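What the coordinates show
Residues per chain, in single letters:
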Amino acid sequence: MATDYYEVLGVARDADENTIKRAYRRLARTYHPDVAADKAAAENRFKEINEAYEVLSDAQKRANYDRFGHAGVNGGIGEGGFGPFGSEGFGDIFDMFFGAARGGAQQRRNGPARGSDLRYDVEITLEEAYAGTTREVTFRHLASCPTCKGNGAEPGTLIVPCDRCSGTGIQRQVRQTPLGQFVTQTTCTKCSGDGQIVQTPCTTCRGRGRIEQEKSLQVKIPAGVDDGSRIRITGSGEAGTRGGPDGDLYVYLSIARHPMFRRDGLDVLVDVPIAFPQAALGGEIRVPSLDGEVPLTLNPGTQSNSTYRLRGRGMPSVRGGAKGDELVTVHVVVPTKISKRERELLEEYARAGGDQVEEKSFFDRVKDAFRAD
């Protein structure tokens, strides 16, 4: 029994042209033999879909089909192969539905192309990050050839369209299959996709349009940059091709480990040792900062690991505005060796505070123990 074309496409008998077209594209995308898992079953189903669409998409054939059924269209398959794709059959169907995903690789390459970006790594000190600095960077890159101005041809010679691809940069290959003609597109092997041929290559760059050069730049590093920051220098990357713009240079910054300071965002942290009398009595001491030594007033009775905040002594913001703070953590240092006079004073201090002082040494206490026996 002949199949109902409306049922094949899954549309109502009064469906308009756009509905029929959408239904066809959806089914063709699903049952195309190049993408279906079961290729044998998909091939038969694909033939039905194209046969139905070939009839229902043509107003005259559809009218005959609606009036006389299959007899009105004589089987419905025209001389040009399946579907409404003319002499090329439905070989271009795959390109119709999937060409958008593959189009980037098939487009002609003879248009302007932007040059590649480059990366350069620079290590700076925390002091340089605090104050800002300037560094000279030297690197090698592909620059536009000064002789041919980047077109790859010897001055005064011609650049002609490729005779193999007719200047498109693309070669088309048609192959016959049981389903019709299938067209594949590949990059032209003669012009490498450029679409044009340099008859006399430039002697300086050998027709490439670019030459490798060494380049030096003065890079200004603003105050407040953090580890991992990057600076973009527009147009200092690889030269573009076929008149395309140059790429950019990205300078990536890393900050060397500091022997004294640690950074936490815009704040700077530092540990400072103090003596017991300073902690007990308080008073003013000098502490290091990224600006040099600054005064810090200790409170009487300061405990070890106490933290003082010096406002505005931290890192500046790279976007401007207020600075961070410096956090000073003090550590009370206990001396490992003391003089006889220092010991006497400490013992006197302990007794004055009601603390018990052990005046005998360990060996004296051992001797006393043996005497007791």
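That block above? That's the structure.
Cut-off values and rules
- Residues numbered from 1 in each chain as written.
- Predicted model: local features only at pLDDT ≥ 70, side-chain atom pairs only at ≥ 80, totals over all residues.
- Heavy atoms only, no water.
- Pairing = 2+ DSSP bridges.
- Helix = DSSP H or I, 4+ residues; strand = E, 2+ residues; numbered from the N terminus.
- Axes fitted to C-alpha atoms, helices over the stretch in contact; angles between N-to-C directions.
- Parallel < 35°, antiparallel > 145°, perpendicular 65-115°, else oblique.
- Left-handed = near helix turned anticlockwise from the far one by under 90°.
- Contact = heavy atoms within 4.5 Å.
- Nonpolar A, V, L, I, M, F, W, Y, C, P; charged D, E, K, R; others polar.
- Expected span 1.5 Å × (residues − 1).
- Buried < 20%, exposed > 50% of the residue type's maximum accessible area, 1.4 Å probe, protein only.
- Phe/Tyr/Trp six-rings, centres within 6.5 Å; stacked < 30°, edge-to-face > 60°.
- Salt bridge = Lys/Arg side-chain N within 4 Å of Asp/Glu carboxyl O.
- Polar contact = N/O pair within 3.5 Å; in protein donor to acceptor, adjacent residues only side chain to side chain.

1. Quick word on the sheet that holds strand 15 (residues 326-333)
Read from one edge of the open sheet, 4 strands run 10-11-15-14, paired in mixed fashion. Only two strands of the sheet have a single neighbouring strand rather than two, namely strand 10 (262-264) and strand 14 (306-310). Each adjacent strand pair in this sheet contributes to an overall mean axis angle of 35°, direction not counted.

2. Brief notes about the packing of helix 2 (residues 17-31) against helix 3 (residues 39-56)
Direction vectors running N to C along helix 2 and helix 3 enclose 165°, while the axes themselves pass 10 Å from each other. Comparing their axes, helix 3 and helix 2 come out roughly antiparallel. Taken as a pair, helix 2 and helix 3 cross one another with a handedness that is left-handed. Contacts from Ile-20, Lys-21, Tyr-24, Leu-27, Ala-28 and Tyr-31 in helix 2 reach Ala-42, Arg-45, Phe-46, Ile-49, Asn-50, Tyr-53 and Leu-56 in helix 3. Looking at the contact of helix 2 with helix 3 residue by residue, the classes come out as 10 nonpolar, 1 polar and 2 charged.

3. Regarding helix 3
Owing to its 3.6 residues per turn, the α-helix brings residues three or four apart onto one side. Taking 1.5 Å per residue as the helical rise, helix 3 with its 18 residues ought to reach 26 Å, and the 25 Å between its terminal C-alpha atoms agrees with that figure. Listed as buried for helix 3 are Ala-42, Phe-46, Ile-49, Asn-50, Ala-52, Tyr-53, Glu-54, Val-55 and Leu-56.

4. What to know about the packing of aromatic side chains
If you walk through the whole model with that rule in mind, you get 5 aromatic pairs. With a centroid separation of 4.7 Å and an interplanar angle of 35°, the aromatic rings of Tyr-5 and Tyr-65 are classed as tilted. Note that Tyr-5 is positioned in helix 1 (residues 5-9) and Tyr-65 in helix 4 (residues 59-68), a separation of 60 residues in sequence. Exposure remark for Tyr-65: the relative accessible area of 5% places this residue in the buried category. Geometrically, the ring pair formed by Tyr-6 and Tyr-65 is tilted, given 6.1 Å between the ring centres and 40° between the ring planes. One end of the pair, Tyr-6, is in helix 1; the other, Tyr-65, is in helix 4, with 59 residues separating them in the sequence. Taken as a pair, Tyr-6 and Tyr-65 share a single burial class, namely buried. Among the aromatic residues, ring-to-ring pairing joins Tyr-5, Tyr-6 and Tyr-65 into one connected group.

5. A short note on the pattern of salt bridges
The tally for this structure, following the rule as stated, stands at 19 salt bridges. Among the salt bridges present, the one from Arg-309 reaches Asp-325, with a minimum N-O distance of 2.9 Å. Taken together, the residues Arg-309 in strand 14 and Asp-325 in the loop between strand 14 and strand 15 connect sequence positions 16 residues apart. The exposure class of Arg-309 is partly exposed, given its relative accessible area of 41%. A relative accessible area of 11% means that Asp-325 is categorised as buried. Here Glu-347 ties to Arg-343 by a salt bridge, and the two come within 2.9 Å at their closest N and O atoms. Here Arg-343 and Glu-347 lie together in helix 8 (residues 340-352), a separation of 4 residues that amounts to about one turn. Glu-347 gets classed as buried once you look at its relative accessible area, which sits at 16%. Linked through salt bridges whose partners overlap, the residues forming this network are Arg-114, Asp-117, Arg-232 and Asp-248.

6. Section: helix 4
Put simply, Asp-58 is the residue that caps the front of helix 4, since its side-chain oxygen is 3.0 Å from the backbone nitrogen of Gln-60. Remark: Gly-69 follows helix 4 within two positions and exhibits a positive phi of approximately 75°.

7. Observations regarding the side chain of Ser-236
Mapping Ser-236 onto the fold places it in the loop between strand 8 (230-233) and strand 9 (249-255). Exposure remark for Ser-236: the relative accessible area of 6% places this residue in the buried category. Ignoring anything within four residues of it in the chain, the contact list for Ser-236 reads Leu-118, Phe-139, His-141, Lys-215, Leu-217, Gly-247, Asp-248 and Leu-249.

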